[in-house]
Amino acid sequence: MDYAAILTRKYAGTEWTLDGDNYEGLTWLSDTPKPTKKALEAHWPTVTAEIEAEKQAKLDAKASAVAKLQALGLTVDEVQVAFGLEA
């Protein structure tokens, strides 16, 4: 469970600090009520899905860009060298 990721994504605009990786290290600085551990944990599946979707979108965008460059006549090797891509 990544409390910092949950707080960053689901509590944008709030102020807090996190000492360590657990709920007990959360210091709530905003005027709004501090979310409970249970409330934060309920967000974890959604946050995980968002992170995975963003990773996949980046991979898809990279693949699309490579395909377009190849369509313009660049070889796979040229694309990989030009953009530091792994084989």
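Since the structure is predicted, the reported quantities are computational estimates derived from the model, not experimental observations.

Reading the values: the criteria
Residues numbered from 1 in each chain as written. Predicted model: local features only at pLDDT ≥ 70, side-chain atom pairs only at ≥ 80, totals over all residues. Heavy atoms only, no water. Buried < 20%, exposed > 50% of the residue type's maximum accessible area, 1.4 Å probe, protein only. Helix = DSSP H or I, 4+ residues; strand = E, 2+ residues; numbered from the N terminus. Contact = heavy atoms within 4.5 Å. Polar contact = N/O pair within 3.5 Å; in protein donor to acceptor, adjacent residues only side chain to side chain. Salt bridge = Lys/Arg side-chain N within 4 Å of Asp/Glu carboxyl O. Axes fitted to C-alpha atoms, helices over the stretch in contact; angles between N-to-C directions. Parallel < 35°, antiparallel > 145°, perpendicular 65-115°, else oblique. Core = buried A, V, L, I, M, F, W, Y, C linked by side-chain atoms within 4.5 Å. Phe/Tyr/Trp six-rings, centres within 6.5 Å; stacked < 30°, edge-to-face > 60°. Lys NZ or Arg CZ within 6 Å of the ring centre and 35° of its normal.

*Asks:* Hey, could you go over helix α1 (residues 3-10) for me, with residue numbers and the actual values?
*Replies:* Turning to α1, its buried residues are Tyr3, Ala5, Ile6 and Leu7. Tucked into the core, α1 has its buried residues touching β1 (16-18), β2 (26-28) and α2 (37-71). The N-cap residue of α1 is Asp2: its side-chain oxygen and the backbone nitrogen of Ala4 are 3.2 Å apart.

*Asks:* An account of the pattern of salt bridges is needed here, citing residue identities and associated values.
*Replies:* Pairs may arise between side chains of opposite charge once their charged atoms sit close together. Tallying each qualifying case throughout the model produces 4 salt bridges. Two residues, Glu54 and Arg9, come together in a salt bridge whose shortest N-O distance is 2.7 Å. Residue Glu54 is located in helix α2, and its partner Arg9 is located in helix α1; the two are separated by 45 residues in the primary sequence. Residue classification places Arg9 among the partly exposed positions, given a relative accessible area of 31%.

*Asks:* Which residues make up the packing of α1 against α2, and what values do they have?
*Replies:* It is at 8 Å that the axes of α1 and α2 come closest, and there the two elements cross at 85°. Here α1 lies roughly perpendicular to α2, going by the angle between them. Counted together, Tyr3, Ala5, Ile6, Leu7, Arg9 and Lys10 of α1 and Lys37, Leu40, Glu41, His43, Trp44, Thr46, Val47, Glu50, Ile51 and Glu54 of α2 form the full contact between these two elements.

*Asks:* Any chance you could break down the nonpolar core for me, citing the residues and the numbers?
*Replies:* Among the nonpolar cores identified, the biggest contains 10 residues, and these are Tyr3, Ala5, Ile6, Leu7, Tyr11, Tyr23, Leu26, Trp28, Leu40 and Val47. Where this core is concerned, the elements lending two or more residues are α1, β2 and α2. In terms of residue count, the dominant contributor to this core is α1 (4 residues). The residues touching Tyr11, leaving out its near neighbours within four places in the chain, are Ile6, Trp28, Pro35, Ala39, Leu40 and His43.

*Asks:* Go over the packing of aromatic side chains, please, and point to the residues and values.
*Replies:* This model, assessed by the stated rule, comprises 2 aromatic pairs. Their ring planes at 90° and their centres at 6.0 Å tell us that Tyr11 and Trp28 sit as a pair that is edge-to-face. One end of the pair, Tyr11, is in the loop between α1 and β1; the other, Trp28, is in strand β2, and 17 residues separate them in sequence. Assigned by exposure class, Tyr11 and Trp28 land together as buried. Here the guanidinium or amino end of Lys34 rests over the ring plane of Tyr23, the centre of that ring lying 4.7 Å away.

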